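An overview of the molecular structure
Single-letter residue listing:
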Amino acid sequence: GAGVSQSPSNKVTEKGKDVELRCDPISGHTALYWYRQRLGQGLEFLIYFQGNSAPDKSGLPSDRFSAERTGESVSTLTIQRTQQEDSAVYLCASSSTGTSFSGTQYFGPGTRLTVL
Amino acid sequence: GNSVTQMEGPVTLSEEAFLTINCTYTATGYPSLFWYVQYPGEGLQLLLKATKADDKGSNKGFEATYRKETTSFHLEKGSVQVSDSAVYFCALRANTGFQKLVFGTGTRLLVSP
């Protein structure tokens, strides 16, 4: 595709509900990253996929957060039993390789999650 | 661990003024350094990058030089335009491991006519 796409663009949910966020990377990009940006803060790394495996999950803040990826395509980030502190913009990025020093990460527009 | 510190915003300038946004980093080894920009209503875009000491990244009139001795990567532009109003993020990527980016908190630039 032309770029990284994410859906939905906005999500409002009630505390305790589960949410799924979707990311479509650039076609052919093997590496996929999820980041979170809370209000007034920088982006925090959540998880990295190389193909459909996740060698680095170190940024997932709790076991309520999980993610999966289908081959070298779509990824979903799931947050179970949402809490108000989960409110943030969730950004997805992809790159042609996760291990090359020259791989540039291209970002999607983000999903703004609001937990009431 | 690795970290990036950048100046607080907002930075408010008049058109054609000189811009500097400071960025310093803490990292082991020799990271790659980046500036990303987020225009209003748009996604994060790579502005420029430098992969080794003394490299200068440049794009759209913006420049930043990788200074290992001062662990800095300050963003500069000689003459800003209203269209440069955006949030600017400094980031690093370790050249070992899995290539995740570590970001600063962002600096909002507001340019008035």
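Residues numbered from 1 in each chain as written. Chains lettered and ligands numbered in written order. Predicted model: local features only at pLDDT ≥ 70, side-chain atom pairs only at ≥ 80, totals over all residues. Heavy atoms only, no water.

1. Re the environment of Gln-38 of chain B
Summarising the element assignment, Gln-38 of chain B is placed in strand 5 (residues 32-38). Since its relative accessible area comes to 18%, Gln-38 of chain B is described here as buried. C-alpha of Gln-38 of chain B to C-alpha of Tyr-66 of chain B: the two residues are 28 residues apart in sequence and 22 Å apart in space. In contact with Gln-38 of chain B, not counting residues within four places along its chain, are Gln-37 of chain A together with Gly-43, Leu-44, Ala-86, Val-87 and Phe-89 of chain B. (Helix = DSSP H or I, 4+ residues; strand = E, 2+ residues; numbered from the N terminus. Buried < 20%, exposed > 50% of the residue type's maximum accessible area, 1.4 Å probe, protein only. Contact = heavy atoms within 4.5 Å.)

2. With respect to the interface of chain B and chain A
Taken together, the contact pairs 17 residues of chain B with 22 residues of chain A. Summed over the shared surface of chain B and chain A, the number is one salt bridge. A salt bridge links Asp-56 of chain A to Lys-100 of chain B; the shortest N-O distance between them is 3.7 Å. Counting only elements with at least two residues in the side of chain B that touches chain A, the list comes to strand 5, strand 6 (44-50), strand 10 (86-93) and strand 11 (101-103) of chain B. Looking at the side of chain B that touches chain A residue by residue, the class counts come to seven nonpolar, seven polar and three charged. (Salt bridge = Lys/Arg side-chain N within 4 Å of Asp/Glu carboxyl O. Nonpolar A, V, L, I, M, F, W, Y, C, P; charged D, E, K, R; others polar.)

3. Some details on the sheet that holds strand 8 (residues 62-65) of chain B
All names here are of chain B. Sheet architecture is open: four strands sit in the order 3-9-8-7, paired in antiparallel fashion. For this open sheet the edge positions go to strand 3 (19-21) and strand 7 (56-59), each flanked by a neighbour on one side alone. With strand direction ignored, the average angle separating the axes of adjacent strands in the sheet is 20 degrees. Where strand 8 lies against strand 9 (residues 75-77), three bridges are found, and the strand directions are antiparallel. Residue pairing across strands places Glu-63 opposite Glu-76, the latter belonging to strand 9. (Pairing = 2+ DSSP bridges. Axes fitted to C-alpha atoms, helices over the stretch in contact; angles between N-to-C directions.)

4. A word on the state of the cysteines
Summed over all chains, the structure comprises two disulfides over all chains. Paired by a disulfide, Cys-23 of chain A and Cys-92 of chain A hold their sulfur atoms 1.9 Å apart. Classification of the bridge connecting Cys-23 of chain A and Cys-92 of chain A rests on its S-S torsion, roughly -65 degrees, and on that basis the disulfide is left-handed. Pair noted here: Cys-23 of chain A is in strand 3 (residues 19-24) and Cys-92 of chain A is in strand 9 (residues 88-95), with a separation of 69 residues, a long-range link. The pair Cys-23 of chain A / Cys-92 of chain A is uniform in exposure class, with both members buried. Disulfide pairing is shown between Cys-23 of chain B and Cys-90 of chain B; the S-S distance is 1.9 Å. Every disulfide takes its handedness from the sign of the S-S torsion; for Cys-23 of chain B and Cys-90 of chain B that torsion is -70 degrees, giving left-handed. Of this pair, Cys-23 of chain B sits in strand 4 (residues 23-26) while Cys-90 of chain B sits in strand 10; the two residues are 67 residues apart in sequence, bridging distant segments of the chain. In terms of burial, Cys-23 of chain B and Cys-90 of chain B fall into one category: buried. (Disulfide = S-S within 2.5 Å.)

5. Remarks on the nonpolar core
Residues and elements named next belong to chain B. Leu-19, Trp-35, Leu-47, Leu-48, Phe-73, Leu-75 and Tyr-88 are the most contacted members of the largest nonpolar core, which has 26 residues in total. Among the elements that make up this core, the one with the highest residue count is strand 10 (four residues). When residues no more than four places from it in sequence are discounted, the contact partners of Tyr-88 are Gln-6, Ile-21, Trp-35, Tyr-36, Val-37, Leu-47, Phe-62, Leu-75, Gly-106, Thr-107 and Leu-109. (Core = buried A, V, L, I, M, F, W, Y, C linked by side-chain atoms within 4.5 Å.)

Coordinates in, geometry out; function isn't part of it.
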